[in-house]
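Chain by chain, the residues run as shown.
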Amino acid sequence: MILSSRHFAEQNLNHHSSKANSIDSERTSATEFDHLYFHCPEKYQDVYARHHLSHLALIYWSDESFQNSPKLPPSLGTLQQLCFLHLSGSNISGEVPEALFELASLEELDLGGNMLNGGLSQNIGKMQSLVCLSLDGNLLSGSIPDEVGSLSHLKQLDLSENAFSGKIPSSFGNLKNLIYLFLNNNQIEGGVPAEMFGLAQLRHFMANDNRLQFVIGYEAVRGFANLDVWDMSNNISVTSDLFQRGNYRGGWFF
């Protein structure tokens with residue numbers, strides 16, 4: 001028998017994972033699974049997820065600081081009942097596995113404050129139920145995929161404090177439910193797409209500390225009917241009469 005086979009993994013986990021067998025709620029914490037799941041070989045992780053995690057609707061493992069900076073297990077993508085996945089500040093490294101984008105029912109994905117690297121896949125567009133997407137404080141790079149703009153239910157999008165480059169996708173103009181947008185502290189170039197000025201629900205728009213260079217007038221921003229905070233500071237050149245007006249509908253512009 002090949003020791004790394006799925007059958008062996010299943011038999012071994014069934015014998016040793018008594019903690020997992022006792023879980024009967026829809027929510028669990030990371031302390032029970034650090035060694036049983038995150039630090040097992042991938043075949044073990046797959047079996048473990050299928051047998052012991054498939055019922056979960058919420059995984060909240062934020063600020064757990066897993067040992068040895070493990071990677072995200074691809075088997076998380078098999079948890080089709082999962083609606084909330086919070087793994088912020090958990091010392092996770094590596095790229096975001098493609099399998100994760102198969103979670104079509106996921107409403108909140110928070111992977112902020114880790115050491116994730118590589119690009120953001122265009123398959124993010126498969127996650128059509130997302131309301132909150134937080135990838136802030138990682139090492140993600142490359143262009144922001146146009147497909148992010150297809151996530152029509154998004155209310156919060158946080159891509160801040162990474163190394164994203166290129167331009168803000170014009171498809172962001174489709175995010176009609178967006179309230180909070182954080183793009184600050186990246187390497188984004190160009191300007192704010194004209195398509196975005198119709199985002200009437202947007203209240204916070206932070207794009208400071210990038211490489212933006214554009215001119216914008218007061219009348220254009222009036223499309224942001226509920227905007228409270230607009231921060232474009234520390235860019236190459238953002239010229240606007242908003243700086244002279246200072247206060248707009250009770251909000252502040254920097």
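Residues numbered from 1 in each chain as written. Predicted model: local features only at pLDDT ≥ 70, side-chain atom pairs only at ≥ 80, totals over all residues. Heavy atoms only, no water.

A. Inspection of the overall build of the chain at higher detail. What the chain contains, in helices and strands, is 6 helices and 18 strands. Expressed as a percentage of the 254 residues in the chain, the buried residues total 49%. Restricting to contacts in the chain with at least 6 residues of sequence separation, those with at least 24 account for 56%. When the accessible surface of the chain is split by element, carbon and sulfur atoms take 47% of a total near 11500 Å². (Helix = DSSP H or I, 4+ residues; strand = E, 2+ residues; numbered from the N terminus. Buried < 20%, exposed > 50% of the residue type's maximum accessible area, 1.4 Å probe, protein only. Contact = heavy atoms within 4.5 Å. Areas by Shrake-Rupley, 256 points an atom, 1.4 Å probe, with all protein chains shown as cover.)

B. Inspection of the pairing of strand 14 (residues 211-216) at higher detail. Here strand 14 shows a clear split, with Leu212, Phe214 and Ile216 buried on one side and none of Arg211, Gln213 and Val215 buried on the other. Alignment of strand 12 (residues 189-190) against strand 14, held across 2 bridges, turns out to be parallel. From the neighbouring strand, Glu189 faces strand 14, where its bridge partner is Arg211. (Pairing = 2+ DSSP bridges.)

C. Structural context of the nonpolar core. Counting residues in hydrophobic clusters, the biggest one holds 59 residues, and the most contacted among them are Leu157, Phe172, Phe205, Phe224 and Trp230. For this core, the secondary-structure elements that each account for two or more residues are helix 4 (42-53) and strand 14. The residues touching Phe205, leaving out its near neighbours within four places in the chain, are Ile168, Leu181, Leu183, Val192, Met196, Phe224, Leu227, Val229, Trp230, Asp231 and Met232. (Core = buried A, V, L, I, M, F, W, Y, C linked by side-chain atoms within 4.5 Å.)

D. Examining the sheet that holds strand 10 (residues 163-165) more closely. In spatial order, the strands read 4-6-8-10; together these 4 strands make up an open sheet with parallel pairing. Two strands close off the open sheet at either side, each with one partner strand: strand 4 (93-94) and strand 10. Looking at chain direction, strand 6 (residues 115-118) and strand 8 (residues 139-143) are connected through 2 bridges and run parallel. Within strand 8, the position partnered with Gly118 by the bridge is Leu140.

E. Fine view of the packing of aromatic side chains. Under the definition given, this model contains 5 aromatic pairs. Ring geometry for Tyr180 versus Phe182: centroids 6.4 Å apart, planes at 5 degrees, classification stacked. On the basis of relative accessible area, Tyr180 is assigned to the partly exposed category, the value being 28%. An angle of 45 degrees between the planes, with centres 6.0 Å apart, marks the rings of Phe224 and Trp230 as tilted. (Phe/Tyr/Trp six-rings, centres within 6.5 Å; stacked < 30°, edge-to-face > 60°.)

F. How the structure looks around the pattern of salt bridges. As enumerated under the stated definition, the model contains 2 salt bridges in all. Note that Lys126 is salt-bridged to Glu102, the shortest N-O span being 2.9 Å. Here Glu102 lies in the loop between strand 4 and strand 5 (108-110) and Lys126 lies in the loop between strand 6 and strand 7 (132-134), a separation of 24 residues in the sequence. Classification of Glu102 by relative accessible area gives partly exposed; the value is 39%. (Salt bridge = Lys/Arg side-chain N within 4 Å of Asp/Glu carboxyl O.)

G. Structural context of the confidence of the model for the chain. Looking at the chain, the pLDDT average stands at 81 and 76% of residues meet or exceed 70. Contacts of residues 1-13 to residues separated by more than four positions or lying in other chains number 22 contacts, the stretch itself having pLDDT below 50. Long-range and interchain partners of residues 15-26, a stretch whose pLDDT sits below 50, account for 18 contacts in this model, where long-range means more than four residues apart. (pLDDT = per-residue confidence, 0-100.)

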